[in-house]
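Geometric and topological summary
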Amino acid sequence: MHVNGEAVRSCQVRVDDVDGAFITTIEGLSAGIDHPVQQAWIDHQVPQCGYCQSGQIMTAAAFLKRNNNPDDKEIDNAMKMNICRCGTYQRIRKAIHSSSKEIRYGK
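An account of the accompanying structure is given in this report. In this text, all values refer to a predicted model and were calculated from it rather than measured experimentally. (Residues numbered from 1 in each chain as written. Predicted model: local features only at pLDDT ≥ 70, side-chain atom pairs only at ≥ 80, totals over all residues. Heavy atoms only, no water.)

Observations concerning the overall build of the protein chain
- In terms of regular secondary structure, the protein chain is built from 4 helices and 3 strands.
- In sequence order, the secondary structure elements of the protein chain are arranged as β-β-β-α-α-α-α.
- With respect to the principal axes defined by its C-alpha atoms, the protein chain has extents near 35 × 30 × 25 Å.
- Counting every position in the protein chain, which comprises 107 residues, the buried fraction comes to 34%.
- Considering only contacts in the protein chain between residues 6 or more positions apart, those separated by 24 or more positions represent 57%.
- Looking at the protein chain as shown, the accessible area adds up to about 6800 Å², and 49% of this sits on carbon and sulfur atoms.
- One way to put it: in the protein chain the 13 positive side-chain charges average out to a point 7 Å from where the 12 negative ones average out. (Helix = DSSP H or I, 4+ residues; strand = E, 2+ residues; numbered from the N terminus. Buried < 20%, exposed > 50% of the residue type's maximum accessible area, 1.4 Å probe, protein only. Contact = heavy atoms within 4.5 Å. Areas by Shrake-Rupley, 256 points an atom, 1.4 Å probe, with all protein chains shown as cover. Lys, Arg positive; Asp, Glu negative; His and termini not counted. Charge placed at Lys NZ, Arg CZ, Asp CG, Glu CD.)

Dropping the structure here:
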């Protein structure tokens, strides 16, 4: 989830610590599934089991707000705390590159 625009792990945040903060969950990222990161996840067929996808998408979306033209090393560093059991890291990186272009240039 995002707390005031920053990605945080919801399992490590107490409710009273975010009192008055602006919270965004995966459901609030877009009205449909039209956020560039969500669409890139679909286009690049990132999910396999789906276990980590909400965290991956929310981390990528917050990261791309700060850096909309990242290189591979920056992506790897930003995403390193999100573990994918299925090992789809190459697809995740491609989806982030793809969504960064969408964010920069639009369709």
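Let's talk about the packing of aromatic side chains
- The tally for this structure, following the rule as stated, stands at 0 aromatic pairs.
- It is R85 that lies over the ring of Y51; its NZ or CZ is 4.0 Å from the centre. (Phe/Tyr/Trp six-rings, centres within 6.5 Å; stacked < 30°, edge-to-face > 60°. Lys NZ or Arg CZ within 6 Å of the ring centre and 35° of its normal.)

Let's talk about the layout of surface pockets
- As a volume, the largest pocket reaches approximately 570 Å³.
- Residue lining of the largest pocket: 22 residues in total, with V8, R9, G55, T59 and N82 positioned closest to the centre.
- The element best represented in the lining of the largest pocket is helix 2 (residues 53–66), accounting for 7 residues.
- Within the lining of the largest pocket, the residues separate by chemical class into 12 nonpolar, 7 polar and 3 charged. (1 Å grid on protein atoms, 1.4 Å probe; cavity = no way out; pocket = protein on both sides within 12 Å on 5 of 7 lines; lining within 4 Å. Points joined across faces, edges and corners; volume = space filled by probe spheres on them. Nonpolar A, V, L, I, M, F, W, Y, C, P; charged D, E, K, R; others polar.)

So, the sheet that holds strand 2 (residues 6–7)
- Spatially, 2-1-3 is the arrangement adopted by the 3 strands of the open sheet, whose pairing is antiparallel. Single-partner strands in this sheet number two, and they are strand 2 and strand 3 (23–24).
- Pairing analysis gives 2 bridges linking strand 1 (residues 2–3) to strand 3, with the strands arranged antiparallel. When the bridges of strand 3 are listed, V3 appears paired with I23. (Pairing = 2+ DSSP bridges.)

Side note on the side chain of S100
- One can find S100 in helix 4 (residues 89–105).
- Residue class for S100 comes out buried when judged on its relative accessible area of 2%.

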